[in-house]
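Examining the three-dimensional arrangement
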Amino acid sequence: MPVPKGSTIDPARTRAAILEAATPMLYERGLDGIGVAELCTRLGVSKETLYRHFGTKDGLVQAMLEARSERVTRWLAEAVAAAGQDPADQLAAVFDALQQWYDDPVFRGCAMLNAAAQHHVEAVRAITARHLDRYLELLTGIAGRAGAADPHTLGRQLLMLVEGATVVAAYQEASGVGEHARQAALALLSAAARTGPQG
């Protein structure tokens, strides 16, 4: 990013600006859909600047995925918190939020899973696994508050609905996918709550 004459260079701000500008490009085009030269041209930075802040393009990809994971999980956690104390309302809020995402014209599926499919490298797979762990923690918490006998198992089932809905929305008609997954999730939650902690 060009620095106006007379201003000082702030490495943290430059890094953040590169990351913010690169994120939508990498998400829309795919990690391998844009080369370093084009990426730098579109960002308005030299390769040297990119490499100074991220080491390699892979370093930029990893930083982008980590930042996106933090942002997405925070967004869903806030949706759950805003839904109140009822676990069913909290779970419904997750799928309502996801449907808003699916309806966004720039929606291209889960960036983490896309990245893991495109980049068969351990660092990216580890970021994806941590991202799914965050989802699982959120969903297991809802399952526990609902009184499920086995919150972890129910959390994994709910995670499968979240990721399955996201894949269907990305590759088929997105309309209504969140609602369909929401209904299935609430049915699972209701059955688990009836069973109760004693099984």
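Coordinates for the structure precede this section.
These lines cover the structure that appears in this document, whether it is placed above or below. Note that this is a predicted model, so its numbers are computed, not measured. (Residues numbered from 1 in each chain as written. Predicted model: local features only at pLDDT ≥ 70, side-chain atom pairs only at ≥ 80, totals over all residues. Heavy atoms only, no water.)

1. Describing the packing of aromatic side chains
Our working definition: By convention, a stacked pair of Phe, Tyr or Trp rings (six-membered ring in the case of Trp) has centres within 6.5 Å and planes under 30 degrees apart, an edge-to-face pair has planes over 60 apart, and any other such pair is tilted. Type-normalised accessible area, obtained with a 1.4 Å probe on protein chains alone, sets the label of each residue: buried when under 20%, exposed when over 50%, and partly exposed for intermediate values.
Enumeration over the complete set of coordinates arrives at 3 aromatic pairs. Where Trp101 meets Phe107, the ring centres are 4.9 Å apart and the plane angle is 80°; that geometry is what we call edge-to-face. Neither Trp101 nor Phe107 differs from the other in exposure class; each is buried. Between Tyr102 and Phe107, the ring centres sit 5.2 Å apart and the planes meet at 55°, which makes this aromatic pair tilted. Its relative accessible area of 9% is what places Phe107 among the buried residues.

2. With respect to the layout of surface pockets
As a reminder, the rule being used: The method works on a 1 Å grid over the protein atoms by themselves. A cavity is a set of points holding a 1.4 Å probe that cannot get out, a pocket is an open set with protein on both sides within 12 Å along at least five of seven lines, and residues with an atom within 4 Å of a point line them. Grid points are joined across faces, edges and corners, and a volume is the space filled by probe spheres set on the points. Elements are defined by DSSP. Helices are runs of H or I of four residues or more, strands are runs of E of two residues or more, and each kind is numbered from the N terminus. Residue polarity follows a fixed list, in which Ala, Val, Leu, Ile, Met, Phe, Trp, Tyr, Cys and Pro are nonpolar, Asp, Glu, Lys and Arg are charged, and the others, Gly among them, are polar.
Volume-wise, the largest pocket comes out at about 260 Å³. If you go around the largest pocket, you meet 13 residues; those closest to its centre are Tyr27, Arg68, Arg71, Trp101 and Val106. Breaking the lining of the largest pocket down by element, the ones donating at least two residues are α1 (11-29) and α4 (57-82). For the lining of the largest pocket, the class distribution of residues is 7 nonpolar, 1 polar and 5 charged.

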